[in-house]
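Chain residues, written in single-letter form:
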Protein chains: 2
Amino acid sequence: MVAWVDFDKLESYKKLSSMTKKVDLTEVMAGEEGAARVAEYCMPMSSGLVYNYAAKQVDGEVLAALGELAEEAQLSEKFAALYNGEVINTGEKRLVLHQLCRGQLGDAVVADGVDKRAFYAEQQKRIAEFAAKVHAGEIVNEAGEKFTTVVQIGIGGSDLGPRAIYIALENWARKNGSLKMEAKFISNVDPDDAAAVLNSVDVAHSVFVLVSKSGTTLETLTNESFVKNALEAAGLDASRHMIAVTSETSPLAKNSGYLAAFFMDDYIGGRYSSSSAVGGAVLSLAFGPDVFARFLEGAAAEDRNAANKDLMKNPAMLDALIGVYERNFLGYQSTAVLPYSQALSRFPAHLQQLDMESNGKSVNRFAEPISYKTGPVIFGEPGTNGQHSFYQLLHQGTDIVPIQFIGFRKSQLETDVVIQDSTSQQKLCANVAAQIMAFACGKKDENPNKNFEGGRPSSIIAGDQLTPEAVGALLAHFENKVMFQGFVWNINSFDQEGVQLGKVLAKKVLAHQTDGALKAYSDLLHI
Amino acid sequence: MVAWVDFDKLESYKKLSSMTKKVDLTEVMAGEEGAARVAEYCMPMSSGLVYNYAAKQVDGEVLAALGELAEEAQLSEKFAALYNGEVINTGEKRLVLHQLCRGQLGDAVVADGVDKRAFYAEQQKRIAEFAAKVHAGEIVNEAGEKFTTVVQIGIGGSDLGPRAIYIALENWARKNGSLKMEAKFISNVDPDDAAAVLNSVDVAHSVFVLVSKSGTTLETLTNESFVKNALEAAGLDASRHMIAVTSETSPLAKNSGYLAAFFMDDYIGGRYSSSSAVGGAVLSLAFGPDVFARFLEGAAAEDRNAANKDLMKNPAMLDALIGVYERNFLGYQSTAVLPYSQALSRFPAHLQQLDMESNGKSVNRFAEPISYKTGPVIFGEPGTNGQHSFYQLLHQGTDIVPIQFIGFRKSQLETDVVIQDSTSQQKLCANVAAQIMAFACGKKDENPNKNFEGGRPSSIIAGDQLTPEAVGALLAHFENKVMFQGFVWNINSFDQEGVQLGKVLAKKVLAHQTDGALKAYSDLLHI
């Protein structure tokens, strides 16, 4: 049995709190010692990736203390409890099974009388068959013509992850002949979002994927109406253009208004749903089921790494613990995610949801207040764009912001030009290497305005190329990192009670049941 | 003469530091007192906007102290010094003249023997004439056909602002018959960025706008080569497809490789350049010069508000001072920008650059170290998307994150559906009103997991519709806010020395002149 204990009750918390020495990156990253450190503080991941933490403020002593924390907090045991089907989402009394969508790490998990691995695999198989028929022209529109576009209608976890993954692989798929259908996304309840997307597609040749676990998400149902209106206005039969991704008990299941329905369940949280049917339908239609299967393989490989009990062979756990060390003992409040890959332009937005919605909590998993910091603010943009934007503050601002770099040796399209004796891809990689060192070591200058203190920590996940496997591995790495941090903080990373109050108040506004300041704001906005 | 004094040397700093009482939003925003506060703490802006700060942790006493700070720090006098042409960017010994691109608030500013207002107006006029000829089919491609697409090649300030503004007005222009040409943007040195954009346009009917003040920005010149290769591969004459926006002394000026060149100068910083030729060329081509002129009018109107010496009639100055109060006296480290408008989806990324690159500094304007906090981390995504993403942390996380909401009564396309008795636009507005109150007042619950502390401050800029004038007003409001905060902190908001070290090190990597850890990282990335 695992013991769920508040972080500050652990011996290792006290030990880490009492460690006053801070690793000086300007020292340890200098000279040949620095080079040795880059080689040593580097851990293989799957899919050709490595996690390099040489430029983090850790040393043997800190790593040993983090290892003790991992043991004492029973991180491996808690992950095993999760993948073996214990009720880890205690607030909502649910299992947490997203890893089962891509593999099985432990025992068979049976819930509601069903083997859940078989259930998720069956949904993936049904999606693969459906997508193959669409691609083969066996499922067609009213005029007997092939569908060319897939439009996902969903919000939050039904949008950010699948959208980030689509953007991550669109160019790769184009290059490799795997772009079967273009994908678009409608999410915001702002009517200009749906209207603009609908203006940009040929609805007669579009399949719409409506994603809502409950079948009652207001934004999503509203946007579905937009789409149905557009289809009807074009003289089309909406039921021949729409599929649903939902739970088996939702009003969207077994509904003649949809060409097909694919299922998820309550054990897949929205922000963890990219590897379920939520990502599977749109991504299998866009890239073909084989590419989606490769993405799942990359995620499964990284889940296996996360299940390794040896901290020094478990990149997600180490990344998690270094993040906790930075948050609770070095006092840093935010983290920047900076992928040197335009294809990952929306990956930071996905991680922002994943991390902040999971770990932005002030009570432990028993709903008791806690008195230590939990999840940081997460933000980021792709490099080199960010260098010409907010890096000024990261280099010379008054707060230290830890950084998570991501970079690849090869571009996806492998189209390149040589300018001033180097390719664009070499320039891109040179910049990320340079930034790590500029942040870590800084540079003394007599003019304080040109002085760089250094001592600003970063890690990098480096890989060969952003392939489907690598995208899956990145996704799973960060899902598992966030999970391990939640275990350390003894919080429930799988509920989101903080989003409820706004919904309740918005309904009151729409029902004109308001008074006081809420009525005043409603009047200001002429609702 | 104005006195440039460190913030913590001011009497008003001491006074604000000694104010221990914190305004309790759960109290002041409750009941009819709350409604009165929403009405009272509301300041008109231009272009149909208002700045409402009722849900900020201020009261008469705090506002009075902030008023004293404005006086003592001579904020109005410093702005006057700026717009009258003093050397405000002391590090680089430059004037700061971006406001002159849209109006003249004070004396004629003559620099390098030229009346600068006349110079900027002349560039705008030249752009307007050029754009009109392109739209009229007087300037055409080799085949005598009209150009249909404009592609901006630039990075940082040459990208983020113009791109955010284009996205902000694309649907409005479509609706109002002003979308003359579609615009695309190439920024990242990642070769996949340029390749993907080039795959998505018809180069034979595209005009490319190369934007680089110095004419030497490596990313931009590299991407220009990409574009020239693509044009040549299509058998086209690159010089008939490219225009330059640059300084008069750059290698791109008076260069037969370009169809035309439009000029900016050293007095326009990159992140402040959207209202210069940097934004002017691409936006005038996309929307027509009249729409760009309306955008400038909105910005000019807001500049006039910023020049008002009465704090209570100066929204940018008040917004700035409340931000300083939150940063230095309430101890908040980051700020979320949350526009309830899909059209403003990239506006937070622009503000992230504007704010963090301007005020992420640790030395004062005389390059002396300072010992108080300066610019916060800025991040954001459009609502309602953000509600389903990171709002969990904003509501229930362990750090308080002040919020800047933006919202409009009407959508841009004015296409809407009624679901459950309300339109999408009403739902959008109801959500932002609800969120303000949920953050401010929270809600007690016996279950701490469902408990909302409240006391989380926000302001809202509310308007009728996101028109060209409103976009200009928003842009200028935030530019002026950032400027006033820089004045309070006594820093130079107009240089960016923090971006230099990374550039120097990247060049060393590309020249293979590295050792130690930098070489190790270069090897890791196979450069």
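Residues numbered from 1 in each chain as written. Chains lettered and ligands numbered in written order. Predicted model: local features only at pLDDT ≥ 70, side-chain atom pairs only at ≥ 80, totals over all residues.

Enquirer: How would you summarise the overall build of chain A if you had to cite specific residues and measurements?
Expert: Secondary structure summary: chain A contains 18 helices and 15 strands in total. Whereas a compact globule of 527 residues would reach a radius of gyration of roughly 24 Å, chain A reaches 24 Å, a difference of no more than 12%. Seen through its C-alpha atoms, chain A measures out along the principal axes to roughly 70 × 60 × 55 Å. The buried share of chain A, taken over its 527 residues, is 62%. Considering only contacts within chain A whose residues lie at least 6 apart along the sequence, 74% involve residues at least 24 apart. (Helix = DSSP H or I, 4+ residues; strand = E, 2+ residues; numbered from the N terminus. Rg over C-alpha atoms; globule rule 2.2 N^0.38 Å. Buried ≥ 20, exposed ≤ 12 C-beta atoms within 10 Å, placed from the backbone. Contact = placed C-beta atoms within 7 Å.)

Enquirer: Kindly report on the domain arrangement of chain A, identifying the contributing residues and their values.
Expert: All names here are of chain A. The domain architecture assigned to chain A consists of domain 1 (7–97 + 297–497), domain 2 (98–294) and domain 3 (498–527). The C-alpha-based centres of domain 1 and domain 2 are spaced at 30 Å. Contacts between domain 1 and domain 2 engage 37 residues on the former and 35 residues on the latter. Among the elements of the structure, α5 (75–83), α11 (289–306), α13 (347–359) and α16 (468–489) are those that each provide at least two residues to the side of domain 1 that touches domain 2. The element contributing the most residues to the side of domain 1 that touches domain 2 is α13, with 7 residues. Across the side of domain 1 that touches domain 2, the residue classes break down as 19 nonpolar, 9 polar and 9 charged. (Domains from an automatic or database assignment. Nonpolar A, V, L, I, M, F, W, Y, C, P; charged D, E, K, R; others polar.)

Enquirer: Describe helix α7 (residues 160–175) of chain B, and please don't skip the residues or the numbers.
Expert: An α-helix turns once per 3.6 residues; consequently, residues spaced three or four apart project the same way. All names here are of chain B. Its 16 residues give α7 an end-to-end C-alpha distance of 24 Å, which sits within 8% of 22 Å, the value for a rise of 1.5 Å per residue. The sharpest bend along α7 measures roughly 40° and falls at Leu169. Of all 16 residues that make up α7, 13 are buried, and the element is covered over most of its length. At the C-terminal side of α7, Gly177 shows a positive phi close to 65°. (Expected span 1.5 Å × (residues − 1). Bend = angle between axes of the 7 residues up to and from the residue.)

Enquirer: Which residues make up the environment of A:Val471, and what values go with them?
Expert: All names here are of chain A. Note on placement: Val471 falls in helix α16. Measuring from C-alpha to C-alpha, the distance between Val471 and Ile165 comes to 7.1 Å, with 306 residues separating the pair along the chain. The residues touching Val471, leaving out its near neighbours within four places in the chain, are Ile165, Ala168, Leu169, Phe295, Gly298 and Leu466.

Enquirer: Now, about unusual backbone geometry: what can you tell me, with residues and values included?
Expert: Of note, the amide linkage connecting A:Gly383 to A:Thr384 takes the cis form, showing an omega dihedral of 5°. Following the sequence through the fold, A:Thr384 ends up in the loop between β11 (377–379) and α14 (391–396). Non-glycine residue A:Gln420 carries a positive phi angle of around 50°. If you trace the backbone, A:Gln420 turns up in the loop between β13 (418–419) and β14 (422–423). Residue classification places A:Gln420 among the exposed residues on the basis of 11 C-beta atoms within 10 Å. The phi torsion at B:Lys254 lies on the positive side, around 45°, for a residue other than glycine.

Enquirer: Report on the sheet that holds strand β6 (residues 182–186) of chain B, specifying residues and quantitative values.
Expert: Residue and element names in this part refer to chain B. If you trace the 5 strands from one edge of the open sheet to the other, you get β6-β5-β7-β8-β9, paired in parallel fashion. Every interior strand has two partners, whereas the edge strands, β6 and β9 (260–264), have only one. Between one strand and the next, the sheet's axes are offset by a mean angle of 20°, whatever the strand orientation. Strand direction decides the pairing type here: strand β8 (residues 242–247) and β9, joined by 5 bridges, are parallel. Bridging from a neighbouring strand, Ser247 pairs with Met264 of β9. Most of the contacts of helix α8 (residues 191–200) go to β6, to which it runs at about 160°, and overall it touches β5 (149–153) and β6. Across the sheet, helix α10 (residues 277–287) touches β5, β6, β7 (206–211), β8 and β9, and the angle it forms with β9 is around 135°. (Pairing = 2+ DSSP bridges. Axes fitted to C-alpha atoms, helices over the stretch in contact; angles between N-to-C directions.)

Enquirer: Could you give an account of the interface of chain B and chain A, with specific residues and numbers?
Expert: The interface of chain B with chain A comprises 125 residues on the first partner and 125 residues on the second. With 15 residues, the single largest contributor to the side of chain B that touches chain A is helix α15 (residues 424–441) of chain B. For the side of chain B that touches chain A, the per-class residue count stands at 57 nonpolar, 49 polar and 19 charged.

Enquirer: Tell me what's going on with the confidence of the model for chain A, and back it up with residues and numbers.
Expert: Of all residues in chain A, 100% have pLDDT values of 70 or greater, and the mean over the chain is 97. Among the prediction metrics, the complex's ipTM stands at 0.97, with pTM recorded as 0.98. (pLDDT = per-residue confidence, 0-100.)

Enquirer: How would you explain the relation of the copies chain B and chain A if you had to name every residue and give the values?
Expert: Mapping chain B onto chain A calls for a screw motion: a turn of 180° about the axis and a shift of 0.0 Å along it, with 0.0 Å RMSD after fitting. Both copies of the chain, as the preceding transformation shows, are related through a two-fold rotation axis. Proximity to the rotation axis, assessed at the C-alpha, singles out B:Phe379 in chain B; its C-alpha lies 3.2 Å from the axis. (Least-squares fit on C-alpha atoms with pLDDT ≥ 70 in both.)

Enquirer: Can you lay out the nonpolar core for me, pointing to particular residues and giving the numbers?
Expert: Counting 351 residues, the largest nonpolar core has A:Val209, A:Ala433, A:Met437, B:Val209, B:Ala433 and B:Met437 as the members making the most contacts within it. If we ignore the near neighbours within four places in the chain, the residues touching B:Ala433 are A:Val509, A:Leu518, A:Tyr521, A:Ser522, A:Leu525 and A:Ile527. (Core = buried A, V, L, I, M, F, W, Y, C linked by C-beta atoms within 7 Å.)

Enquirer: How would you explain the packing of α7(B) against α10(B) if you had to name every residue and give the values?
Expert: Residues and elements named next belong to chain B. One way to put it is that α7 packs onto α10 with a least axis distance of 10 Å and a crossing angle of 20°. The pairing of α7 with α10 is recorded here as roughly parallel in orientation. Seen from above, α7 lies across α10 with right-handed handedness. Residues Gly161, Pro162, Ile165, Tyr166, Leu169 and Ala173 of α7 touch α10, and the partners they reach there are Val278, Gly279, Val282, Leu283, Ala286 and Phe287. Grouping the amino acids of the contact of α7 with α10 by side-chain chemistry returns 10 nonpolar, 2 polar and no charged. (Parallel < 35°, antiparallel > 145°, perpendicular 65-115°, else oblique. Left-handed = near helix turned anticlockwise from the far one by under 90°.)

Enquirer: Mind laying out helix α18 (residues 516–524) of chain A, listing which residues take part and the relevant values?
Expert: Among the 9 residues in α18(A), 7 count as buried, and that is most of the element. Lining the buried residues of α18(A) we find α17 (500–510) of chain A together with α3 (31–40), β2 (50–52), α15 and β15 (458–463) of chain B. At the C-terminal side of α18(A), A:His526 shows a positive phi close to 55°.

Enquirer: An account of the pairing of strand β15 (residues 458–463) of chain A is needed here, citing residue identities and associated values.
Expert: Residue and element names in this part refer to chain A. The buried count for β15 comes to 6 of 6 residues, which makes it a mostly enclosed element. Here strand β2 (residues 50–52) runs beside β15; their pairing, made up of 3 bridges, is antiparallel. Each bridged residue has a counterpart across the sheet, and for Asn52 the counterpart in β15 is Ile460. By the bridge criterion, 6 bridges tie strand β12 (residues 403–408) to β15 in an arrangement that is parallel. Residue pairing across strands places Gln404 opposite Ser459, the latter belonging to β15.

Enquirer: Mind laying out the packing of α10(B) against helix α11 (residues 289–306) of chain B, listing which residues take part and the relevant values?
Expert: All names here are of chain B. Their axes nearest at 6 Å, the elements α10 and α11 cross at an angle of 125°. Relative to α11, the element α10 lies oblique. Within the contact between the two elements, α10 uses Gly280, Leu283, Ser284 and Phe287 and α11 uses Pro289, Val291 and Phe292.

Enquirer: Tell me about the sheet that holds β2(A), and please be specific about residues and values.
Expert: Residues and elements named next belong to chain A. Strand order in the open sheet made by the 6 strands is β1-β2-β15-β12-β10-β11, with mixed pairing throughout. On the outer flanks of this sheet lie β1 (42–44) and β11, each paired with one strand and no other. Pairs of neighbouring strands in the sheet enclose a mean axial angle of 15°, with direction left out of account. For strand β10 (residues 334–340) and β11, the ladder comprises 3 bridges, and the chain directions are parallel. If you follow Thr335 over to β11, its bridge partner there is Ile378. Running at roughly 170° to β11, α13 makes contact with β10 and β11 of the sheet.

Enquirer: Please give an account of the pairing of strand β12 (residues 403–408) of chain B that cites residues and values.
Expert: Residue and element names in this part refer to chain B. With 6 of 6 residues buried, β12 is to be regarded as a mostly interior element. What you see with β12 is no split at all: Ile403, Phe405 and Gly407 on one side and Gln404, Ile406 and Phe408 on the other are buried throughout. Bridge count for strand β10 (residues 334–340) against β12 is 5 bridges, and the pairing is parallel. If you follow Tyr340 over to β12, its bridge partner there is Gly407.

Enquirer: Outline the environment of A:Gly516, listing residues and values.
Expert: Along the polypeptide, A:Gly516 turns up in helix α18. Non-local contacts of A:Gly516, meaning those with residues more than four positions away in its chain, are made with B:Ala30, B:Gly31, B:Glu32, B:Gly34 and B:Ala35.

Enquirer: Give a description of the environment of A:Glu469 that names residues and reports values.
Expert: Residues and elements named next belong to chain A. In this structure, Glu469 sits in helix α16. As for Glu469 and Gln104, which are separated by 365 residues in sequence, their C-alpha atoms are 17 Å apart. Setting aside residues up to four positions removed in sequence, Glu469 forms contacts with Ser47, Arg294, Glu297 and Gly298.

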